[in-house]
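# Descriptive analysis of the structure
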Amino acid sequence: MNHSSHRPRIAVLATGGTIACTADANGALVPTVDCAGLLDAVASALKGIDTVAVDLVQLDSSSITLADLDLIVSAVHEQLRNDSIDGVVLTHGTDSMEETAMALDLFHDRSKPVVMTGAQRAFDHPQSDGLTNLVDALRLAARGNVSDVVIQFGSQTIPARGAYKKHTTELRAFSSIAVNRPSALPLPVTPLAGNKVATIAAYPGGARLLIDAAVSAGYQGLVVSAMGSGNMGPDMGAAVADALREGVKVVISSRVAEGDIKLSYGGAGGGATLADLGAVGSGRLRAGQARIALAAALATGTDVAELV
């Protein structure tokens, strides 16, 4: 915790997203505001907090790849290793904020806070929420009473693990499922890029085509966003069974927003049948975060069951 005589110094890493967007001549939102511009806009509210501005990328977060995640994780850890830095704030688009939060959490040693934030409304929107979120995130990081990875958004502090975007437009955009932190964490920082993991949605009567295509394309891991507590139709289930026999790692999640993934039903597409072949239920993690956990498991040689 910061002592009263200590002036906290927070590294702010910017990656684009709506918080950095302005409307172009056609009204389309594009990321144009750099990190220094964001901090200049909130400078009057940050008395007593020193900041360091770092521009990483300027992306819509739906475009972020595993290689981009590696860049973000590496940059965050570089700042955390700096004795003069008391915490990190990461500005980020909302579309994949939960995935990046998960990646950071998997490698985080909980020595200093990492606070993610962003916006639902663009920088130049007359009622933009981004600057309020940024001030809240900086103040949270500066207080020094948090050492985890969290999302600060819409006046709420959301744990990274179990976080999900719950609404496309509301200012309180995120929620979180209560999820225990595995004892295997933190993982050693290891590149995720090169580990091919696909997310495939199950649906009533779903065919095996997409599973087979991913296996043929060399994907080492699959996350199935299944139905109910982890079920899919028999044709897709047969393809998942074949993938497991070929050594592909499979995690089964659910399109249902909350609840445990039990893998308890039998039949060709039932979760229990696939679990017998080595499929792993995602616990309470949904598909987006389960995919990052599986990529990290492949990258570090960890059993994915220890990470979900």
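Residues numbered from 1 in each chain as written. Predicted model: local features only at pLDDT ≥ 70, side-chain atom pairs only at ≥ 80, totals over all residues. Heavy atoms only, no water.

### A short note on the pattern of salt bridges
To keep things clear, this is the line we draw: Should a side-chain nitrogen of Lys or Arg be within 4 Å of a carboxyl oxygen of Asp or Glu, the pair is scored as a salt bridge. The way it works is that DSSP assigns letters per residue, a run of H or I at least four long becomes a helix, a run of E at least two long becomes a strand, and they are numbered from the N terminus. Summary of the burial criterion: residues with accessible area below 20% of their type's maximum are buried, those above 50% are exposed, and those between are partly exposed, where the area comes from a 1.4 Å probe applied to protein chains only.
Taken as a whole and assessed by the stated rule, the structure comprises eight salt bridges. In this structure, Arg110 engages Asp148 in a salt bridge whose closest nitrogen and oxygen atoms are separated by 2.6 Å. In this pair, Arg110 is assigned in the loop between α3 (97–107) and β6 (114–117) and Asp148 in the loop between α4 (130–143) and β7 (149–153), connecting sequence segments 38 residues apart. Note on Arg110: relative accessible area 39%, which makes it partly exposed. Residue classification places Asp148 among the partly exposed residues on the basis of a relative accessible area of 26%. With a closest N to O distance of 2.6 Å, Arg208 and Asp212 form a salt bridge. Relative accessible area serves as the criterion here: at 24%, Arg208 is assigned to the partly exposed category. Connected through shared salt-bridge partners, Arg208, Asp212, Asp242 and Arg245 make up one network.

### A short note on the UniProt feature "binding site: substrate" (unreviewed entry) in the chain
As a reminder, the rule being used: UniProt positions are given in the numbering used here, feature names are shortened, and annotations may be inferred rather than shown by experiment. It only takes one pair of heavy atoms within 4.5 Å for two residues to be counted as in contact.
Under the local residue numbering, the UniProt record ascribes the feature "binding site: substrate" (unreviewed entry) to Ser61, Thr94 and Asp95. Spanning 35 residues, the annotated positions come together in the fold, the maximum distance between their C-alpha atoms being 6.8 Å. Within the element layout of this structure, Ser61 appears in the loop between β4 (50–59) and α2 (66–80). With a relative accessible area of 2%, Ser61 lands in the buried category. Setting aside anything within four residues of it in sequence, one finds Ser61 in contact with His92, Gly93, Thr94, Asp95 and Ser96.

### Side note on the layout of surface pockets
The probe, sized like a water molecule, is rolled over the atoms to show the empty space still left. To keep things clear, this is the line we draw: Of the grid points, spaced at 1 Å and generated over the protein atoms alone, those admitting a 1.4 Å probe that cannot get out make up cavities, while open sets with protein on both sides within 12 Å along at least five of seven lines make up pockets; any residue with an atom within 4 Å of a point is treated as lining. Grid points are joined across faces, edges and corners, and a volume is the space filled by probe spheres set on the points.
Taken as a whole, the largest pocket holds about 180 Å³ of empty space. Contributing to the lining of the largest pocket are 14 residues, with Asp148, Pro159, Ala160, Arg161 and Val179 lying nearest its centre.

### Digging into the packing of α2 against α3
Threshold: To obtain an axis, a line is fitted to C-alpha atoms, over the contacting stretch when the element is a helix, and the angle between two such axes runs from 0 to 180 degrees between their N-to-C directions. Roughly parallel refers to an angle under 35 degrees, roughly antiparallel to one over 145, roughly perpendicular to one between 65 and 115, and oblique to any angle outside these ranges. Put simply, a crossing is left-handed when the front helix is turned counterclockwise from the back one by less than a right angle, and right-handed when it is turned clockwise. Each residue receives one of three labels: charged for Asp, Glu, Lys and Arg, nonpolar for Ala, Val, Leu, Ile, Met, Phe, Trp, Tyr, Cys and Pro, and polar for the others, Gly being one of them.
Where α2 meets α3, the closest approach of the two axes is 10 Å, and the angle between their N-to-C directions is 50°. Comparing the axis directions of α2 and α3 gives the class oblique. Where α2 crosses over α3, the handedness of that crossing is right-handed. Counted together, Leu69, Ile72, Val73, Val76 and His77 of α2 and Thr100, Ala103, Leu104 and Phe107 of α3 form the full contact between these two elements. Across the contact of α2 with α3, the residue classes break down as seven nonpolar, two polar and no charged.

### Brief notes about helix α1 (residues 35–42)
Cut-off, in case you're wondering: Relevant arc is that of directions from the helix axis to the C-beta atoms, nothing else.
Turning to α1, its buried residues number three or more, namely Cys35, Leu38, Leu39 and Val42. Taken end-on, α1 shows its buried residues confined to a sector of 95°, consistent with a single buried face. Looking at the packing, one finds that the buried side of α1 touches β1 (9–16), β4, β5 (87–91) and α4.

### With respect to the nonpolar core
For the record, the criterion: Within this scheme, the nonpolar core is defined by two criteria: the residues are buried Ala, Val, Leu, Ile, Met, Phe, Trp, Tyr or Cys, and they are joined through side-chain atoms within 4.5 Å. Domain extents, as shown, originate in an automatic or database domain assignment.
Ranked by internal contacts, the top residues of the largest apolar core, which has 48 residues, are Val76, Leu104 and Ile151. Elements with a minimum of two residues in this core: β1, α2, β5, α3, β6, β7 and α8 (287–300). Residue contributions to this core reach at least three from each of two domains, namely domain 1 (9–176) and domain 2 (197–301). Counting 24 residues, the second-largest nonpolar core is a separate cluster that includes Ala14, Ile19, Ala119 and Ala142.

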